[in-house]
Amino acid sequence: MQPTLSRALRCLLGSKKRAAAVVAFWVLMAGLLAGVAPTLESVEDNASANLPPAASDSMKARDLIRAELPGQDAIPAIVVVRGEGDGAGAQAEEAVARISSALSGDARPEQVTGVISTATTPGAAAELVSEDRDTQLVIVPMTGSASDESFQDAVGEVRALAADRAGPAEVAVTGPAGIAIDTVKVFSSGDKVMLLATILLVLFILLAIYRSPLMALVPLLAVGVAMRVAETTGALLAEAGLITVSSQTASIMTVLLFGVGTDYALIITARYREALLDEPDRPRAMRVAVRRTAESVLASASTIVLAMFALLAAVSPALRGFGPYLALGVAVMALVAFTFLPALILLLGKGVFWPGGVDKAAARSRGAGVWHRVAALVARAPVRVASVVIALLVAMSAGLLGYQESFNTLSGFRTATESERGQRLVQEEFGPGESAPSTVVVRAGEDLRTTTVPADVTAALAGADDVSRVDERPRFSEDGRTAFHEVVLDHDPYSSEALDAVGPLAKTARAATEAAGVQDATVLVGGETAQTADIRSALDRDTLIIVILVLVIVTAVLVLLLRSLLAPLYLVATLILSFLATLGATTFFTLTVLGDEGLGNRVTAYIFVFLVALGVDYNIFIMSRFKQELRTSPPAQAIGAALTRTGGVVSSAGLILAATFAVLMTQPIRELFQFGFAMAFGILLDTFVIRPLLVPALVRLLGDHALWPTRPAALREPSVPMRPAGRAVPDAASGRLLRAFTWIAVTEACTWAGLLIGMYFKYVPETTELGVRVFGALHGAAFVVYVLLTLLVALRLKWRLGRTTLLALLAAVPPFATVAFEIWARRTGRLPGPGAVGAAPDSPDMV
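Values in this document were obtained by computation on a predicted structure and should not be read as measured data. (Residues numbered from 1 in each chain as written. Predicted model: local features only at pLDDT ≥ 70, side-chain atom pairs only at ≥ 80, totals over all residues. Heavy atoms only, no water.)

Draft legend 1. Representation of the overall build of the protein chain. From N to C terminus, the protein chain includes 30 helices and 10 strands. Burial status across the protein chain gives 52% buried among its 847 residues. For the protein chain, the share of sequence-separated contacts (at least 6 apart) that also reach a separation of at least 24 residues comes to 80%. Carbon and sulfur atoms make up 61% of the accessible area of the protein chain, which totals about 36200 Å². (Helix = DSSP H or I, 4+ residues; strand = E, 2+ residues; numbered from the N terminus. Buried < 20%, exposed > 50% of the residue type's maximum accessible area, 1.4 Å probe, protein only. Contact = heavy atoms within 4.5 Å. Areas by Shrake-Rupley, 256 points an atom, 1.4 Å probe, with all protein chains shown as cover.)

As structure tokens, then:
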């Protein structure tokens, strides 16, 4: 591998001309993609990110409502009108009449399909007028998508018309339409501020680290190129329907690339300055720096990318759509860091170190005195250091005693919105559940209008716990086989009590249906509360699976990098402790100190994925340097040298990464604020406590067993000349293993190619439940066997693989091709999604 890498580096970084060609390539690539790709904002999908899985009961109910009740696919805006003073009731009634007239006239936005109020529908007064008659509601159904600019403008016109016609009465436009538009506005209002703050913050820290203006600008230019390429490529993929991108994902991508990009820049440039101590030729010194950092930086990038792809195992759209775009960004950033960044530094020549010069820059690579003192402390008292750090982490984890989640979107805005004010008015005047009623759907194989089922279900629901009222007259589908019962709960629709009531509500309706003699009826609950309950269930399931997958990925990467079975175990244990401590501190600070009603429902999963994937980077950097130092030093000296040599650069990288995530705290959204705080806190904890204190202390305590089963003597450089690296002749056993691996890999590739062809010709046109299960079993078993075999060969041959084996490794392409094909087939409808397999189209259970 090393000779191949060396040849590639000479091709890219052999001279200034070659470096100029690399820089020109990336600039041209960014420009061409920007010319053909749509804007990222135009392809963002913010609606699906807040929906439950398509196969959930609430989504089936939504689809039934839209199919059987024409016009129900409209997004309602709710105009809340409250009178003031002694004649408040008359004042509200007059305002509602004026607003209804304006929204029914020719000047109304074309997206408005109707108006439901006491002026247009007097029979609905019981639901539209408060008990004291001082407040009234106007329901305004609107067509379109909340992500469309025309729809947003239309809601703005509705608000303007309502405010203009309200007179002295108080008015606010809320409901799903108002909430959706306010969400978009809140997200977009902070994007530019966040980007500018991130750039200025990173630039300031880089100037303090490098003490050179040009060297500080180089990482920012690299991040800018990577961000442009990633955004345009992501926009093209989103336009093609291959991935989804939301405003929240785009915000996190910004800080992630700035943090990760500057981290990689610091690691590479630190080794470059170190190489300049022994190698005055700058192109050669840069090639040495890239070659020595390649393993650790690639392991870091691979961990993040694989962790992002692990999110594809989720069923909730909020998590499933989150990973691919961020994985794309990190992969592009790694490529830019290995090519564009070193090429640009070589192109700038000596001027990149102005005003201090090359000699001073190289001298600073020897390590600061503070890290020598830290290394000495760990060497003197490893047991005491490890005990104190573990006790501190456990104490921080105690904050989890107050842990709770929030599913209320409006309460998560850290700025005043009209929709939140309207929701508060509805809850004050009509009751907490009136702002988002639920719909219980009962579907049978016969006309329900000729049975007692609707009346029995209504009576049962009215007597159920947590129910405030039930509409006495359910609506029916055209054929009468489906009844829709509107139910208002006596809890906040997004509270845990309301979410817990969804399941019993369905059971109550099902029991009433069966008691009436209808045994095979389908009972579903739709509405905002039911959808939120399904989101909660999906997130609970997804979080458990993602935790397992990410830990397996991180462990596997550490095993391959360190060639050790023991080291990954204690390193992963430190990551878990770090996560628990961070989540505990975040819970205490945001809930107890700031008074948030709970952590955002996706924040915990986000924190785990990012903190583990990014936190392991610093373990990778120090442990890979430790393994390198073992070639010339015993373990005690090696860990001290690794700590002192990586201390400054890794701490600077951690400080920048924490600072970039802290910028998210400027956003007026609870989820981003909490996520930003948690990531900043957790990264600083990893950088300044776990990586310099706990990990070296554990390594010092384990001594020669720190990299078990690898022994330090096996890594020691020989004192006599050896055959050049990469040309060692494997022994007979290794040769047989290599040949067996090659044949098995080729067979595996042919098998996967056959599966891919069979999947296209059989499973796509006519999918069966058995076929999908068989394919899934083969898919999983073959992939696990292949990964284990690859790991065995890697450990046995220590990655000294020839061209034949490299070609055999390409056999992994067909498995990934089938995975990509399966994702594409499900997205385009050629393969049914999870939960829809094997169901008959006409079954009442399928919507």
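Anyway, onward from the coordinates.
Draft legend 2. Representation of the environment of Val81. Note on placement: Val81 falls in strand β1 (residues 75-82). Classification of Val81 by relative accessible area gives buried; the value is 0%. Along the sequence, Val81 and Asp134 sit 53 residues apart, while their C-alpha atoms lie 8.4 Å from each other. Ignoring sequence-local partners within four residues, the contact set of Val81 consists of Ala92, Ala95, Val96, Ile99, Asp134, Thr135, Gln136, Ala169, Glu170 and Val171.

Draft legend 3. Layout of the sheet that holds strand β3 (residues 170-174). Taking strand neighbours across the sheet as the criterion, the three strands line up as β2-β1-β3 in an open arrangement whose pairing is antiparallel. What marks the edges here is a single partner per strand, and that holds for β2 (135-142) and β3. Strand-to-strand twist of the sheet, defined as the mean angle between neighbouring strand axes without regard to direction, takes the value 20°. Bridging between β1 and β3 involves five bridges; their strand directions are antiparallel. Note on β3: the bridge partner recorded for Val81 is Val171. Set on the sheet, helix α4 (residues 88-104) makes contact with β1, β2 and β3; between it and β2 the angle comes to about 10°. Strands β1, β2 and β3 of the sheet are contacted by helix α18 (residues 418-430), whose axis makes an angle of about 110° with β3. (Pairing = 2+ DSSP bridges. Axes fitted to C-alpha atoms, helices over the stretch in contact; angles between N-to-C directions.)

Draft legend 4. View of the side chain of Arg670. Looking at the secondary structure, you find Arg670 in helix α25 (residues 670-702). The class for Arg670 is buried, based on a relative accessible area of 2%. For Arg670, the side chain forms a polar contact with the side chain of Ser406, separated by 3.0 Å. (Polar contact = N/O pair within 3.5 Å; in protein donor to acceptor, adjacent residues only side chain to side chain.)

Draft legend 5. Summary view of the packing of helix α9 (residues 213-239) against helix α10 (residues 247-275). Relative to each other, α9 and α10 sit at 135°, their axes nearing to 9 Å. Judged by the angle between their axes, α9 and α10 are oblique. Seen from above, α9 lies across α10 with right-handed handedness. Across the interface between the two elements, Met215, Pro219, Leu220, Val223, Ala226, Met227 and Ala230 from α9 touch Met253, Thr254, Leu257, Phe258, Gly261, Thr262, Ala265 and Thr269 from α10. Here the contact of α9 with α10 is built from residues that sort into 11 nonpolar, four polar and no charged. (Parallel < 35°, antiparallel > 145°, perpendicular 65-115°, else oblique. Left-handed = near helix turned anticlockwise from the far one by under 90°. Nonpolar A, V, L, I, M, F, W, Y, C, P; charged D, E, K, R; others polar.)

Draft legend 6. Layout of helix α13 (residues 323-338). Helix length check: α13, at 16 residues, gives a terminal C-alpha distance of 23 Å against a target of 22 Å (1.5 Å per residue), a fit within 8%. By the criterion of burial, α13 is predominantly enclosed, with 14 of the 16 residues buried. (Expected span 1.5 Å × (residues − 1).)

Draft legend 7. Focus on the packing of α9 against helix α14 (residues 340-348). At their nearest, the axes of α9 and α14 sit 10 Å apart, and the two run at 140° to each other. One element, α9, and the other, α14, form an angle in the oblique class. The way α9 lies across α14 gives a crossing that is right-handed. Residues Met215, Val218, Pro219, Leu221, Ala222 and Val225 of α9 pack against Phe340, Leu341, Leu344, Ile345 and Leu348 of α14. Counted by class, the contact of α9 with α14 contains 11 nonpolar, no polar and no charged residues.

Draft legend 8. Structural detail: the pairing of strand β9 (residues 522-526). The buried fraction of β9 is high, at five of five residues. Residues Thr522, Leu524 and Gly526 of β9 are buried on one face, and the alternating residues Val523 and Val525, pointing to the opposite face, are buried as well. Two elements, strand β5 (residues 438-443) and β9, share five bridges in a ladder whose sense is antiparallel. Following the sheet pairing, Thr439 is matched in β9 by Gly526.

Draft legend 9. Region of interest: the nonpolar core. If you look at the biggest cluster of nonpolar residues, it comprises 193 residues, and the most contacted ones within it are Phe610, Met623, Phe626 and Phe661. Counting residues per element, this core draws most heavily on helix α23 (residues 603-629), which supplies 18 residues. Look past the residues within four positions of Met623 in its chain and what remains in contact with it is Leu562, Tyr570, Leu571, Val695, Val699 and Leu707. In this structure, Ile75, Val138, Val140 and Val155 belong to the second largest nonpolar core, which totals 28 residues. (Core = buried A, V, L, I, M, F, W, Y, C linked by side-chain atoms within 4.5 Å.)

Draft legend 10. Quick look at the packing of aromatic side chains. Throughout the structure, instances matching the rule amount to nine aromatic pairs. Considering the side-chain rings of Phe589 and Phe677, the 4.5 Å spacing of their centres and the 15° angle between planes classify their relative orientation as stacked. Taken as a pair, Phe589 in helix α22 (residues 567-593) and Phe677 in helix α25 lie far apart in primary sequence, 88 residues in all. With relative accessibility at 14%, the residue Phe677 sits in the buried group. On the numbers, 5.4 Å between centres and 70° between planes, the contact of Phe610 with Phe675 is edge-to-face. On the criterion of sequence distance, the pair formed by Phe610 in helix α23 and Phe675 in helix α25 is long-range, its members being 65 residues apart. (Phe/Tyr/Trp six-rings, centres within 6.5 Å; stacked < 30°, edge-to-face > 60°.)

These figures capture arrangement, not role.
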